[in-house]
Amino acid sequence: MDGQPDRPHHFEEAPSMTLQIGPHSVQPPVVLAPMAGITNAPFRTLCREFSGGKGLFVSEMITTRALVERDAKTMRLIHFDGTEKPRSIQLYGVDPVTVGKAVRMIVDEDLADHIDLNFGCPVPKVTRKGGGSALPYKRNLLRSILREAVGNAGALPVTMKMRKGIDDDHLTFLDAGRIAVEEGVTAIALHGRTAAQHYSGTADWEAIARLKEAVPEIPVLGNGDIWSAEDAVRMMRETGCDGVVVGRGCLGRPWLFGDLVEAFEAAEEGREPSYARPTLRDVAAVMVRHATLLGEWLEDERRGVIDFRKHVAWYTKGFSVGSELRKKLAIASSLDEMGALLSEVDLDQPWPVGADGPRGRTSGRDRVVLPDGWLDDPFDGATVGTEAELDTSGG
């Protein structure tokens, strides 16, 4: 799959079942990657239900300036219900002082139990201002942000997520990893792609192994091309990483987190795992529940169904649904309308062969747009303007 070796049917060595993030023991060592507009409270609820509450489920990315300014939308996004433990927030910021203020606010107001920092966004409107995955190239700026975050976090663990670098000629992940260790970061997640790759090509799992060797002091989590539970176990076996971060692989597949629990427990017990293979009827029920949860969260059924539309193609991938019905589902505006449309297809369809595999964005680009002179000196005293603090996400 995507140039990776064939997935093994038997696990030769059982990976560790526990990932330690500061005081928090995460079992199995699986983290939901923050994705803008996706990993909101309703989606996290679905994923936790399928996993039996096991794993770590991170919020959507929160912009530090918006948090400090108490933007209404941002304050909604940081809400956790009583079942979310530990409460995990991902922050994105480019100004050390503002990042420090945001972290202090989280601590003082008891808004979360864990803080993750995003340095992986490859979106052009962010990198052209020096933010996202462009920022770690400026080593001193990265150090300043991490120092402010850790210094203001008190007892809360601070982790970070990053990419390999800007492109193959400007790799930053090893330097960034050492800086993170020196500044007291608790764990690092690496997406095995550069910003230039965006989401194209194959994730470089060897880079994850190299980072683990370079920073043995703290846990390293791998991210990229985990489309199934077996991919996650194989990544840990092949790279020696301490845990995995799952992003696009769970789009339209929240039950993947149940599979992940099963895969790690089966590996530990030395038995063959048994994975979920839902029929279309099962999938349709999850779709309706997802849309219902969104409506409850937004306090408006119609808005919830509209917000759900982006998920339709992911949930129905591989099933015989038909393009016209998919289009109708993607413009539905009520739960009754969704239910009526879903009743028009053969809901007894079994799980389709080949339904696991790449989903979401797959684009790449030849070069990364950066500020003028950005690559001249990786150690200069760079500053990044507020224009790079756009409400977007990625990694």
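Everything that follows concerns the structure shown earlier in this document.
Residues numbered from 1 in each chain as written. Predicted model: local features only at pLDDT ≥ 70, side-chain atom pairs only at ≥ 80, totals over all residues. Heavy atoms only, no water.

Visitor: Can you lay out the side chain of R253 for me, pointing to particular residues and giving the numbers?
Guide: Considering the arrangement of structural elements, one finds R253 in the loop between β10 (243-246) and α10 (256-269). A relative accessible area of 2% places R253 in the buried class. (Helix = DSSP H or I, 4+ residues; strand = E, 2+ residues; numbered from the N terminus. Buried < 20%, exposed > 50% of the residue type's maximum accessible area, 1.4 Å probe, protein only.)

Visitor: Let's hear about the packing of aromatic side chains: which residues, and what values?
Guide: Using the criterion set out here, one finds 6 aromatic pairs in the structure. One aromatic cluster in this structure is built from F50, W255, F308, Y315, F319 and W351. Positioned over the ring face of W374 is K138, at 5.0 Å from the centre of the ring. Over the face of the ring belonging to F379 we find R139, whose NZ or CZ atom lies 5.9 Å from the ring centre. (Phe/Tyr/Trp six-rings, centres within 6.5 Å; stacked < 30°, edge-to-face > 60°. Lys NZ or Arg CZ within 6 Å of the ring centre and 35° of its normal.)

Visitor: If you had to explain the packing of helix α11 (residues 280-298) against helix α12 (residues 301-308) to someone new, which residues and values would you point to?
Guide: One way to put it is that α11 packs onto α12 with a least axis distance of 7 Å and a crossing angle of 130 degrees. As far as their axial angle goes, α12 and α11 are oblique. In this structure, α11 meets α12 at a crossing whose hand is right-handed. Between α11, through M287, H290, A291, L294, G295 and L298, and α12, the contact on the second element is made entirely by E301, R303, G304, V305, D307 and F308. Per-class residue counts for the contact of α11 with α12 are 6 nonpolar, 3 polar and 3 charged. (Axes fitted to C-alpha atoms, helices over the stretch in contact; angles between N-to-C directions. Parallel < 35°, antiparallel > 145°, perpendicular 65-115°, else oblique. Left-handed = near helix turned anticlockwise from the far one by under 90°. Contact = heavy atoms within 4.5 Å. Nonpolar A, V, L, I, M, F, W, Y, C, P; charged D, E, K, R; others polar.)

Distances and angles like these do not, on their own, reveal function.
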